[in-house]
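# Observations on the model geometry
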Amino acid sequence: MQLNESPVYPEADVMAQGSDVSILSHILKPGVAATVWQRDLSVDFSNWIKGLSPENLPQFRSLVTVDALENSVHAACDLSHTPAGKHRDMLAGDIAALGFIMSEIMGSPLLHVRLEVVNTDACRKFHVDNMTARMLCTYLGRGTQIAQRGAESSPVTVSAGDATLLRGARWPGKEETTIQHRSPPIAGTGETRLLLAIDPGSDYKPEIVYN
């Protein structure tokens, strides 16, 4: 009797980084599991958001179309009493721009968007999300940590402002994604993070807990 061996599929183990927005679309290339658009937040914006009290940082979670995203951010800002002005406009405009990019790359006009204030060790274990893909951007505090499977002890910490696009476990095709990520451990440090996560709307399931 001949035993059938389990098939071995190629791995997606490349993290592509660059200072041009086009780097994000490299996620569609064979072998690429993560892309990072390296950006510098303006000093004025960084000082503004660092100066806000945590209760004035906007938060929301919603299924939203790309063209409604900017207004949704402003609505969340109103609820949190985030002061109006050019810096709030910059935040809402940047989130809307990242949503548009995600929509174009993934072919998804509907997005599940989460803007969250984090001051605990949320998602502290390295993992691959159970979805097609996820875009992350940290506007305040330390950025997401990324590591190859088996090298979790030496992760790369993405800078604040960088836009990171990661393949998830449901990425189509047979390549296995070996790049994992987690939130940086900040419990007990007094640090507050403002984290943006954007998923294709088709991945959203009401029963799933997103953390």
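Let me sum up the structure you'll find in this document. Here the structure is a predicted model, which is why all the values come from computation and not from measurement. (Residues numbered from 1 in each chain as written. Predicted model: local features only at pLDDT ≥ 70, side-chain atom pairs only at ≥ 80, totals over all residues. Heavy atoms only, no water.)

### Some words on the pattern of salt bridges
By the definition in use, this model includes ten salt bridges. Measuring nitrogen to oxygen at the nearest pair gives 2.6 Å for the salt bridge that ties glutamate 116 to arginine 114. For aspartate 129, the salt bridge is made with arginine 134, and the minimal N-O distance between the two is 3.5 Å. Accessibility expressed as a relative area gives 9% for aspartate 129, which makes it buried. Overlapping salt bridges bring together Glu11, Arg149 and Glu176 as one network. (Salt bridge = Lys/Arg side-chain N within 4 Å of Asp/Glu carboxyl O. Buried < 20%, exposed > 50% of the residue type's maximum accessible area, 1.4 Å probe, protein only.)

### Here we look at the pairing of strand E5 (residues 110-118)
Side-chain direction in a regular strand flips from residue to residue, so the side chains alternate between the two faces of the sheet. Summarising burial for E5: seven of the nine residues are buried, a large majority. Summarising the sheet, strand E4 (residues 60-65) and E5 pair through six bridges and their orientation is antiparallel. In the sheet register, phenylalanine 60 faces E5, and the bridge partner there is leucine 115. Two strands pair when backbone bridges link them, and E5 and strand E12 (residues 193-200) are joined in this way by eight bridges, in the antiparallel orientation. Looking at the pairing, histidine 112 lines up with aspartate 199 of E12. (Helix = DSSP H or I, 4+ residues; strand = E, 2+ residues; numbered from the N terminus. Pairing = 2+ DSSP bridges.)

### Some details on the side chain of aspartate 129
You can see aspartate 129 is positioned in the loop between E5 and strand E6 (133-140). At 3.1 Å, the side chain of aspartate 129 forms a polar contact with the side chain of histidine 127. (Polar contact = N/O pair within 3.5 Å; in protein donor to acceptor, adjacent residues only side chain to side chain.)

### Section: the sheet that holds strand E7 (residues 145-148)
Each strand in a sheet pairs with its neighbour through backbone hydrogen bonds, running either in the same direction (parallel) or in the opposite one (antiparallel). Reading across the sheet, the three strands line up as E8-E7-E11 and stay open at both edges, with antiparallel pairing between neighbours. Edge positions in the sheet fall to strand E8 (156-157) and strand E11 (179-182), since each of these pairs with one other strand and no more. Strand direction decides the pairing type here: E7 and E11, joined by four bridges, are antiparallel. Opposite alanine 147, over in E11, you have glutamine 180 as the bridge partner.

### Considerations on helix H2 (residues 69-80)
With twelve residues, H2 extends 17 Å from end C-alpha to end C-alpha; this agrees with the ideal 16 Å at 1.5 Å per step. Among all positions in H2, only Leu69, Val73, His74, Ala76, Cys77 and Ser80 are buried. Each buried residue of H2 lies within a common arc of 160 degrees when the element is viewed along its axis, so the set occupies one face. Residues of H2 that are exposed and point over 90 degrees away from its buried face: Asn71 and Leu79. Elements that come into contact with the buried residues of H2 comprise E4, helix H3 (86-106) and E5. After H2 finishes, the residue histidine 81 shows a positive phi value of roughly 60 degrees. (Expected span 1.5 Å × (residues − 1). Arc of directions from axis to C-beta. Contact = heavy atoms within 4.5 Å.)

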